[in-house]
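Now for the letters of each chain:
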Amino acid sequence: MANLTSVSGFLLVGFSADRKLQILHALLFLMTYLLALTGNLLIITITTLDHRLHSPMYYFLKHLSFLDLCFISVTVPQAIANSLMNNGYISLDQCILQVFFFIALASSEVAILTVMSYDRYVAICQPLQYETIMDPCACRHAVIAAWVAGGLSGLMHAAVNFSIPLCGEKVIHQFFCDVPQMLKLACSYEFINEIAVAAFTTSTAFICLISIVLSYIRIFSAVLRIPSAEGRTKVFSTCLPHLFVVTFFLSAAGFEFLRPPSDSQSAMDLMFSIFYAVIPPTLNPVIYSLRNEAMKVALRKILSKEEFTQRKMHLKAIFKL
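The structure presented is a predicted model; accordingly, all values stated were derived computationally and were not measured.

1. Comments concerning the overall build of the chain
Here is step 1: If you tally the helices and strands in the chain, you get twelve helices and three strands.
Here is step 2: Put simply, of all contacts in the chain between residues at least 6 apart along the chain, 78% involve residues at least 24 apart.
Here is step 3: When the accessible surface of the chain is split by element, carbon and sulfur atoms take 69% of a total near 16500 Å².

Here it is, written out as structure tokens:
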């Protein structure tokens, strides 16, 4: 990373130079961020407090919500602050950290989604072996592997991306330090290493997508043999939105990462970045949990007066000790 000392920071152009539009973008992003924050924190709280939800499915769901919470917090608060202050400057250190955490969390999320699809496949297609295959030790190892893989991916991108000599102006036509946009600043003969790393990451994500699709093909084949129409509807209503969001997220990210960099600013770049950086963390709580009957029952129980009184007395007893 020899050229870091010669770089002082970058200018994030964002969505618009018009002050009214900047305020509008800030308000929309703030509403979206608060929605994502509330939904994901709610899932983490429910799956932690309700012992009936201490199963592999909800264990992975809790980690997915935590990933979504961190993922959207990497980019959106910075974009809100930049729009409100009418200042798109971001320091080099901030940009490095943003690239690292963005790639690391996105990669970990893809890995967790793949594990979740396998969990559903085992639960539906191999129910007798479910407790043996998805035992607590295996679940912990799967989550640790997802976090480690994501961290290594983020480290590779950050190290390679910020070791590339910059030949253009330090202006990023995006609301965060997006790797494809930063490649536009690189010397044309120097960014082949980042292209290779991006291609490797995207290929790995594509393999994960194929694994998810194959898992759901087997799930759907098993579900179609269920005699109960209500049972089929219940599984399809959960699996189809999951498959849609995964495909949507990976397709938008893959298109943006593998598209050849150009020198012109494009509204499509901003649109695709929202598709994979903002929308999935906001929709995941609705798709994976808030439409789940067990989650609704657990939420009503936690919010009930009797449950609240019991927990209050329990906390008082703990503090007295």
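Now that the structure is up, let's keep going.
2. Looking at the UniProt feature "transmembrane region" (unreviewed entry) in the chain
Here is step 1: On the UniProt side, "transmembrane region" (unreviewed entry) is annotated at positions that read residues 26-46, 58-76, 96-118, 139-160, 195-217, 238-258 and 270-290 here.
Here is step 2: Between the end C-alpha atoms of residues 58-76 the distance is 26 Å, and the span holds 100% helix and 0% strand.
Here is step 3: What you have in residues 195-217 is 100% helix and 0% strand, and the ends, taken at the C-alpha atoms, are 32 Å apart.

3. Some remarks on the pattern of salt bridges
Between side chains of opposite charge, pairing is possible as soon as their charged atoms come close.
Here is step 1: Scanning the model with the defined rule gives two salt bridges in all.
Here is step 2: Of the charged contacts, one joins D50 and R52 as a salt bridge, the two residues approaching to 3.0 Å between their closest N and O atoms.
Here is step 3: Among the residues examined, R52 registers a relative accessible area of 46% and is labelled partly exposed.
Here is step 4: Ionic pairing is found between D119 and R120, a salt bridge with its closest N-O pair at 3.0 Å.
Here is step 5: The exposure class of D119 is buried, given its relative accessible area of 1%.

4. Some points on the state of the cysteines
Here is step 1: Applying the stated criterion across every chain, the model contains one disulfide.
Here is step 2: What pairs with C95 in a disulfide is C177, and their sulfur atoms sit 2.0 Å apart. Between C95 and C177, the S-S dihedral sits near -125°, and the bridge is therefore left-handed. Taken together, the residues C95 in helix α3 (residues 92-125) and C177 in the loop between β3 (171-172) and α6 (179-183) connect sequence positions 82 residues apart.

5. Brief notes about the packing of aromatic side chains
Here is step 1: Applying the stated criterion across every chain yields a total of ten aromatic pairs.
Here is step 2: Taking 5.0 Å as the distance between ring centres and 70° as the angle between the ring planes, the aromatic pair formed by F100 and F101 counts as edge-to-face.
Here is step 3: Take F101: its relative accessible area is 40%, and that puts it in the partly exposed class.
Here is step 4: Aromatic side chains Y216 and F220 sit 6.0 Å apart centroid to centroid with 40° between the ring planes, which places their arrangement in the tilted category. Of the two residues, Y216 and F220 are both situated in helix α7 (residues 192-223); the distance of four residues between them amounts to about one turn of the helix. Across the pair, exposure class does not vary: Y216 and F220 are buried alike.
Here is step 5: Three or more aromatic residues link up through ring pairs in this structure, and these residues are F29, F71, F102, F175, F176 and Y276.

6. Structural notes on the packing of helix α2 (residues 56-85) against helix α5 (residues 136-161)
Here is step 1: In the contact formed by α2 and α5, the axes pass within 10 Å of each other and the chain directions differ by 20°. Relative to α5, the element α2 lies roughly parallel. Pair α2 / α5 crosses with right-handed handedness. Residue-level contacts link P56, Y59, F60, H63, F66 and L67 of α2 to C139, R140, A142, V143 and W147 of α5.
Here is step 2: Its residues assigned to classes, the contact of α2 with α5 comprises nine nonpolar, one polar and one charged.

7. A few points about the confidence of the model for the chain
Here is step 1: Considering every residue of the chain, the mean pLDDT works out to 81; 84% of them sit at 70 or more.
Here is step 2: Taken together, the stretch residues 1-7 has pLDDT below 50 and engages in 16 contacts with residues farther than four places along the chain or on a different chain.

8. A look at the packing of helix α1 (residues 19-49) against helix α11 (residues 293-303)
Here is step 1: Relative orientation of the contacting elements α1 and α11 amounts to 80°, with a least axis distance of 10 Å. Our classification of the angle between α1 and α11 gives roughly perpendicular. Contacts between α1 and α11 involve L42, I43, I46, T47 and L49 from the first element and M295, A298, L299 and I302 from the second.
Here is step 2: In terms of residue class, the contact of α1 with α11 is made up of eight nonpolar, one polar and no charged.

Cut-off values and rules
- Residues numbered from 1 in each chain as written.
- Predicted model: local features only at pLDDT ≥ 70, side-chain atom pairs only at ≥ 80, totals over all residues.
- Heavy atoms only, no water.
- Helix = DSSP H or I, 4+ residues; strand = E, 2+ residues; numbered from the N terminus.
- Contact = heavy atoms within 4.5 Å.
- Areas by Shrake-Rupley, 256 points an atom, 1.4 Å probe, with all protein chains shown as cover.
- UniProt positions renumbered as here; feature names shortened; annotations may be inferred.
- Salt bridge = Lys/Arg side-chain N within 4 Å of Asp/Glu carboxyl O.
- Buried < 20%, exposed > 50% of the residue type's maximum accessible area, 1.4 Å probe, protein only.
- Disulfide = S-S within 2.5 Å.
- Phe/Tyr/Trp six-rings, centres within 6.5 Å; stacked < 30°, edge-to-face > 60°.
- Axes fitted to C-alpha atoms, helices over the stretch in contact; angles between N-to-C directions.
- Parallel < 35°, antiparallel > 145°, perpendicular 65-115°, else oblique.
- Left-handed = near helix turned anticlockwise from the far one by under 90°.
- Nonpolar A, V, L, I, M, F, W, Y, C, P; charged D, E, K, R; others polar.
- pLDDT = per-residue confidence, 0-100.

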